[in-house]
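Summary of the model geometry
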Amino acid sequence: MTLYPKLIHDALATVRYPGNGKNIMENEMLEDDLRIDGMKVSFSLIFEKATAPFMKSVVKAAEAAIKTFVHPDVEVTIGTKSRTALPPEPDKLLPNVKNIIAVSSGKGGVGKSTVTANLAVGLAKLGYRVGLLDTDIFGPSMPKMFNVEDARPYAETIDGRDLIIPVEKYGVKLLSIGFFIDPDQAALWRGGMACGALKQLISDAQWGELDYFILDTPPGTSDIHLTLIQTLGITGAVIVTTPQEVALADARKGVNMYTNDKVNIPILGLVENMAWFTPAELPENKYYIFGKDGGKNLAEELHVPLLAQIPLVQSIRENGDHGEPAVLNPASPEGIAFMSLAAKVVTQVDKRNMELAPTQRVEVSK
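Residues numbered from 1 in each chain as written. Predicted model: local features only at pLDDT ≥ 70, side-chain atom pairs only at ≥ 80, totals over all residues. Heavy atoms only, no water.

**A few points about the overall build of the chain**
Helix and strand content of the chain: 10 helices and 13 strands. On C-alpha atoms alone, the chain measures out to a radius of gyration of 27 Å, which is more than a quarter above the 21 Å that the 2.2 N^0.38 rule sets for 366 residues. With the principal axes as the frame, the chain shows a C-alpha extent of 95 × 40 × 40 Å. Burial statistics for the chain: of 366 residues in total, 49% are counted as buried. (Helix = DSSP H or I, 4+ residues; strand = E, 2+ residues; numbered from the N terminus. Rg over C-alpha atoms; globule rule 2.2 N^0.38 Å. Buried < 20%, exposed > 50% of the residue type's maximum accessible area, 1.4 Å probe, protein only.)

Now the structure itself:
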């Protein structure tokens, strides 16, 4: 008996897909790889998803149809493919990202997001490829700080997957939940919904090749932090604080969250923000409104580097509100401070990578 494609096509036309009642040929499920060698037949069936519920039963039905309607001695080999690829495994979520840095604070109001935005832009100005993810699901501020509040990221199909294309500004690739919600409405989400949205911004985005992937985390400790350490191997954390005692107490908790035995994320260093007030008309004067050297002393106490002391300058706030990070003016005192911060973070990351093994994701066992 001589086998030819139409015999196979006619046999497969008798197999209906339970999902919609149409047969294999009507659904265009037969891949263009049909091979016939004597009494051997091989081909692939295409399913919408790799987890399609009827995949095994349809494959068995297709094999039975060929043996029934063509010949019982036909050797049938059927492969499967999916139109939509599965998201990568967690360990392979960002295979082209060299370093992942979490910027964190024990409490709100210490200028963590301002420091994050300026750090990201500073690293880009040093020539590095930088991505920034605003993980503060309930209070996203990065769209405003980069003056891209009206941006609406779109998706492209890449290698069979629909991936979100980050917004690019000042040399930084940026994504935030703020792009997808009404800025005038509060994000009233339960923890599980927020964590799911965050995972999607990580896994379903085209971040590409990055030297540094910066995570602007919410203040304090929350489900978001747990999701991050379970999803990504974070290279190190930068802790932002102000000099006053109440902020320092919370900064200690933030350090402990990353360094405890179950997490083991290295602390790259502390940033003391609002270290002193300098009025524009008296640039040489320093007024220690929130106390003096609180962050510096805490860094010494915890044996971690002090990465920067950032002054409280009106222009930092104004630039942030206008979506122009202060580091864009490298000649100003605040610009110099933020560029120095970026350079020190590079040094600490290199030192950490030479001395320590890559950070592992936190595995939670039930």
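**Quick word on the environment of Ile267**
When you line up the elements, Ile267 lands in strand E12 (residues 267–277). Each C-alpha atom, one on Ile267 and one on Gln348, is 9.4 Å from the other, the two residues being 81 residues apart in sequence. Apart from residues lying up to four places away in sequence, Ile267 is in contact with Ala237, Ile239, Val255, Tyr258, Thr259 and Val304. (Contact = heavy atoms within 4.5 Å.)

**Observations regarding the side chain of Thr235**
Mapping Thr235 onto the fold places it in the loop between helix H6 (223–231) and strand E11 (236–241). Judged by its relative accessible area of 7%, Thr235 falls in the buried class. Not counting the four nearest positions on each side in its chain, Thr235 is found in contact with Lys98, Asn99, Ile100, Pro266, Val349, Arg352, Asn353 and Thr359.

**Considerations on helix H8 (residues 294–302)**
Residues Gly294, Gly295, Leu298 and Ala299 constitute the buried set of H8. The arc that holds the buried residues of H8, viewed along the axis, is 135 degrees, so those residues lie on one side. Tucked into the core, H8 has its buried residues touching E11, helix H7 (245–259), E12 and strand E13 (306–312). Once H8 finishes, His303 follows within two positions and takes phi at roughly 60 degrees, a positive value. (Arc of directions from axis to C-beta.)

**Describing the packing of helix H3 (residues 112–125) against helix H10 (residues 333–355)**
Interaxial distance between H3 and H10 falls to 8 Å at its minimum, and their mutual angle equals 75 degrees. Regarding the angle of H3 to H10, the classification is roughly perpendicular. Every residue of H10 that contacts H3 at Val115, Asn118, Leu119, Gly122, Leu123 and Lys125 is listed here: Phe338, Met339, Leu341, Ala342, Val345 and Val346. (Axes fitted to C-alpha atoms, helices over the stretch in contact; angles between N-to-C directions. Parallel < 35°, antiparallel > 145°, perpendicular 65-115°, else oblique.)

**Re the side chain of Ser113**
Relative to the elements of secondary structure, Ser113 occurs in helix H3. With a relative accessible area of 12%, Ser113 lands in the buried category. Here Asp216 takes part through its side chain, which lies 2.9 Å from a polar atom of the side chain of Ser113. With near-sequence residues (within four places) excluded, Ser113 lies in contact with Ser141, Met142, Met145 and Asp216. (Polar contact = N/O pair within 3.5 Å; in protein donor to acceptor, adjacent residues only side chain to side chain.)

**Focus on the confidence of the model for the chain**
When pLDDT is averaged across the chain, the result is 85; 91% of the residues are at 70 or more. Across the chain, the element-wise mean pLDDT spans from 72 in helix H9 (residues 314–321) up to 95 in strand E8 (residues 167–169). (pLDDT = per-residue confidence, 0-100.)

**Structural notes on helix H2 (residues 55–69)**
End to end, H2 covers 21 Å across 15 residues, agreeing with the expected 21 Å (1.5 Å per residue, within 8%). When we look at burial in H2, the residues that qualify are Met55, Val58, Val59, Ala62, Ala65 and Ile66. Burial along H2 is one-sided: seen end-on, the buried residues are contained in an arc of 125 degrees. Facing away from the buried side of H2, by more than 90 degrees, are the exposed residues Lys56, Lys60 and Thr68. (Expected span 1.5 Å × (residues − 1).)

**Re the nonpolar core**
Ranked by size, the top nonpolar core spans 83 residues in total, and within it Phe146 and Phe213 carry the most contacts. It is H10 that provides the largest number of residues to this core, a total of 8 residues. Ignoring any residue separated from it by four or fewer positions in sequence, one finds Phe213 in contact with Leu94, Val97, Asn99, Ile100, Ile101, Gly131, Leu132, Leu133, Trp207 and Leu232. Listed in part, the 25 residues of the second largest apolar core include Val41, Leu45, Phe47 and Val76. (Core = buried A, V, L, I, M, F, W, Y, C linked by side-chain atoms within 4.5 Å.)

**A few points about the packing of aromatic side chains**
Throughout the structure, instances matching the rule amount to 7 aromatic pairs. On the numbers, 5.3 Å between centres and 90 degrees between planes, the contact of Tyr128 with Tyr212 is edge-to-face. One end of the pair, Tyr128, is in the loop between H3 and strand E5 (130–134); the other, Tyr212, is in strand E10 (residues 210–216), and 84 residues separate them in sequence. Through a chain of ring-to-ring contacts, the aromatic side chains of Tyr17, Phe47 and Phe54 assemble into a single cluster. If you follow Lys286 out to its NZ or CZ, it ends over the ring of Trp276, 4.0 Å from the centre. (Phe/Tyr/Trp six-rings, centres within 6.5 Å; stacked < 30°, edge-to-face > 60°. Lys NZ or Arg CZ within 6 Å of the ring centre and 35° of its normal.)

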